[in-house]
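As a plain string of letters, each chain reads:
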Amino acid sequence: MDKITEIRRLWRERFNDSRNWMTNVFPRIYRDEEAIVLPADGGNSLASMMLLRRYTMRYRGTDIPVGYIYGAATSRELQGKGYMSRLMPMALREAYTRGDLAVALQPARRRLYGFYEQFGFSTTFYIREQRYTAKHRFAHNESRYITEYSGHDAAELTAAFSRLTAGRESTILHSEEDFKTIMIDCELDEGCIVTVRSVDRGDIVGLAYGVASADSIAVREIAALDEDAEAALLDALSARYPGRMTVVEAYPGETNAIKIFSRGMARIVNVKAFLELLAALSPNLRQRIRVSDPLIVENNAIFAVRDGKVTATPYSREERVDLEVTIPTLTSILFSASNVGEIFSLPTARPFMSMMLS
C-alpha cells in the first residue's frame, strides 16, 4: 500500500476540500511520520486515517508539546466496523511515545463528542461568543492605528501573536510555518487576517482572523493590547465585510461557564510529565494522586508530588491518596480555570485554541 496515495484518496473521498486546497495547503500540513493509518482487513486499501500534528501549548507561562488530531476519517464503505476505535488508541500511544503531554481535537459534529469520550477525552476548550448587529459601530481612537489587511510577514505575526496572548492562562501557539499555512488557507476560504499597528511605536498591537459568509463575519481569533485596539480590529473587519453581523469567538478567560460554548476536547497522555510540570510551577505542592487509564498503562498508577518532584508507583487500591481520578476527570481538572484548580490545590489553567485547521 502506497501510504500517501491512499491518504490522498481517502481525503478526497471524505472531505470537501478544493483542488487548490489540496495543492497549496495539504503538502504544507502533511508529515509522513504524523500520519496514523489503519489498512482495511485483508486488503491494500486504507480503512482509517488521521494526522497527529505537533503543536506547542503555553500553560501558565511554560511551553509544552501537545498533539492535535486532524483529518480523522474512515472510508464510507467501512464505517461502523470499529476501525476508528482501533486507530485512536494507536494515536494516543504514538503521542505518548513521541513526548506529547496531551492531545487535542475539535469534533466535526456534536455527536462525536460522545465518541471521543470513550477514549478519555474531556471537553476543555471553550469560546465566549459575542454578537454584534450589522449596524453596530466599534468606537475607537482611529489616530492611534495603521490597519493592514494583506502583505503580512509570517515571522512578525508569530511574534505578535505570542506577545498578545501572553496573558492567557493557556493557549496553543502557532509557529512561523503555521502562520504561512494559515494565511494561504485564509485566502482560499475568502477570509482575512487583519492587524492594527501602533502609529507611535510601529509594532502590531492587535490581530484578528475573520471569515465571512453571506450574512455574518465569524471572528475566530482576536488578540489585542487593549480594548481600544480590539475595537479597531472589529471595526476594520466590519468595514471589510459591510452589512453583516459580527460573531466573535473570544478567549473565555474567567467567564462564568454558563456564558461559554464548547470548542474542543483534550486528553492527557503522559500523567507523570504533566504532574512534573505542575510540580515545577508550584514547588510546595504535595499530593498523592491515583489515576486510572485503561489505554495508556504508564498512566495507571499512583503519583506522589513532593518537593518539586514526581514519583510513580504501581496502581493499588489499598494505599491512601489525596485524589482519585480517571484520566478524563484529571484532564478536566488540570485544564480548568485557575480558580477551579484552587479547589484541588493544583495550579491549573483553562486552555484556548484558535486558527486550527478543522
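Everything in this summary refers to the structure shown in the same document. Position numbers for residues start from 1 in each chain and track the written sequence from start to end. Only residues with pLDDT of at least 70 are given local features in this predicted model, and only at 80 or more are side-chain atom pairs given and counted; all residues enter the totals for whole chains, interfaces and linings. Hydrogen atoms and water are omitted, and side-chain values are computed over all heavy atoms in the structure.

**Considerations on the packing of aromatic side chains**
Any Phe, Tyr or Trp ring, taking Trp's six-membered ring, that has another such ring centre within 6.5 Å forms a pair; planes under 30 degrees apart are called stacked, those over 60 apart edge-to-face, and the others tilted. A full pass over the atoms with the stated rule returns 15 aromatic pairs. Ring plane angle 75° and centroid distance 5.3 Å describe the contact between Phe-115 and Tyr-116, whose orientation is recorded as edge-to-face. Taking relative accessible area as the criterion, Tyr-116 reaches 8% and is therefore assigned buried. Of the aromatic side chains, those joined through ring pairs into one cluster are Trp-11, Phe-15, Trp-21, Phe-26, Tyr-30 and Tyr-70. By the criterion adopted, a ring carries a charge over it if an Arg CZ or a Lys NZ lies within 6 Å of its centre and within 35 degrees of its normal. Over the aromatic face of Tyr-113 sits the side chain of Arg-110, whose NZ or CZ is 4.5 Å from the ring centroid. Throughout, exposure labels follow a simple rule: accessible area from a 1.4 Å probe, protein chains only, divided by the maximum for the residue type, with under 20% read as buried, over 50% as exposed, and the rest as partly exposed.

**Here's the deal with helix α8 (residues 227-240)**
Note: α-helices contain 3.6 residues per turn, so residues at a spacing of three or four share the same orientation. A run of DSSP states H or I qualifies as a helix once it reaches four residues; a run of E qualifies as a strand once it reaches two. Both are numbered from the N-terminal end. Helix span, as expected, comes to 1.5 Å for every residue beyond the first. Taking 1.5 Å per residue as the helical rise, α8 with its 14 residues ought to reach 20 Å, and the 20 Å between its terminal C-alpha atoms agrees with that figure. Buried within α8 we find Asp-228, Ala-229, Ala-231, Ala-232, Leu-233, Leu-234, Ala-236, Leu-237 and Ser-238. Of the surrounding secondary structure, the elements contacted by the buried residues of α8 are β5 (122-132), β6 (145-148), β8 (191-198), β9 (204-212), β10 (216-224) and β11 (245-250). Throughout this description, a polar contact denotes any pair of N or O atoms lying within 3.5 Å of each other; where both atoms belong to protein, one of them has to be capable of donating a hydrogen while the other can accept it, and for residues adjacent in sequence the pair is counted only when both atoms sit in side chains. For α8, the N-terminal capping position is held by Asp-226, with its side-chain oxygen 3.2 Å away from the main-chain nitrogen of Asp-228. Here a residue-residue contact requires only that any non-hydrogen atoms of the pair lie within 4.5 Å.

**What to know about the sheet that holds strand β15 (residues 309-314)**
Pairs of strands are assigned from DSSP output, requiring at least two bridges between the strands. Read from one edge to the other, the open sheet built from four strands follows the order β15-β14-β13-β16, with strand pairing classed as mixed. The open sheet has two edge strands, β15 and β16 (323-326), and neither has a second partner. Sheet twist, expressed as the mean angle between neighbouring strand axes with direction ignored, is 25°. Pairing of strand β14 (residues 301-306) with β15 involves six bridges; the strand directions are antiparallel. The residue bridging Phe-303 from the neighbouring strand is Ala-312, located in β15. Lines are fitted to the C-alpha atoms to define the axes, a helix being fitted only along its stretch in contact, and any angle between axes, read from their N-to-C directions, falls within 0 to 180 degrees. Helix α10 (residues 327-334) rests against β13 (287-292) and β16 of the sheet, and its axis sits at about 110° to β16.

**As for the nonpolar core**
In this structure, Ile-7, Trp-11, Tyr-59, Phe-274, Leu-275 and Leu-334 are the most contacted members of the largest nonpolar core, which totals 54 residues. For this analysis, a nonpolar core means a set of buried residues of the types Ala, Val, Leu, Ile, Met, Phe, Trp, Tyr and Cys, connected via side-chain atoms within 4.5 Å. By size, the runner-up hydrophobic cluster in this structure holds 26 residues, among which are Met-84, Leu-92, Ala-95 and Ile-296.

**A few points about the pattern of salt bridges**
A pair is scored as a salt bridge if a Lys or Arg side-chain nitrogen falls within 4 Å of a carboxyl oxygen belonging to Asp or Glu. Tallying each qualifying case throughout the model produces 26 salt bridges. Of the charged contacts in the structure, one is a salt bridge between Lys-3 and Asp-32, with a shortest N-O distance of 3.9 Å. Here the residue Lys-3 occupies a position in helix α1 (residues 3-14), and Asp-32 occupies one in the loop between α3 (26-29) and β1 (35-39), the gap between them amounting to 29 residues. A salt bridge links Arg-86 to Asp-41, with the nearest nitrogen and oxygen atoms 3.4 Å apart. One end of the pair, Arg-86, is in helix α4 (residues 83-98); the other, Asp-41, is in the loop between β1 and β2 (46-59), and 45 residues separate them in sequence. Salt bridges linked by common partners bring Arg-28, Glu-176, Glu-177 and Lys-180 together as one network.

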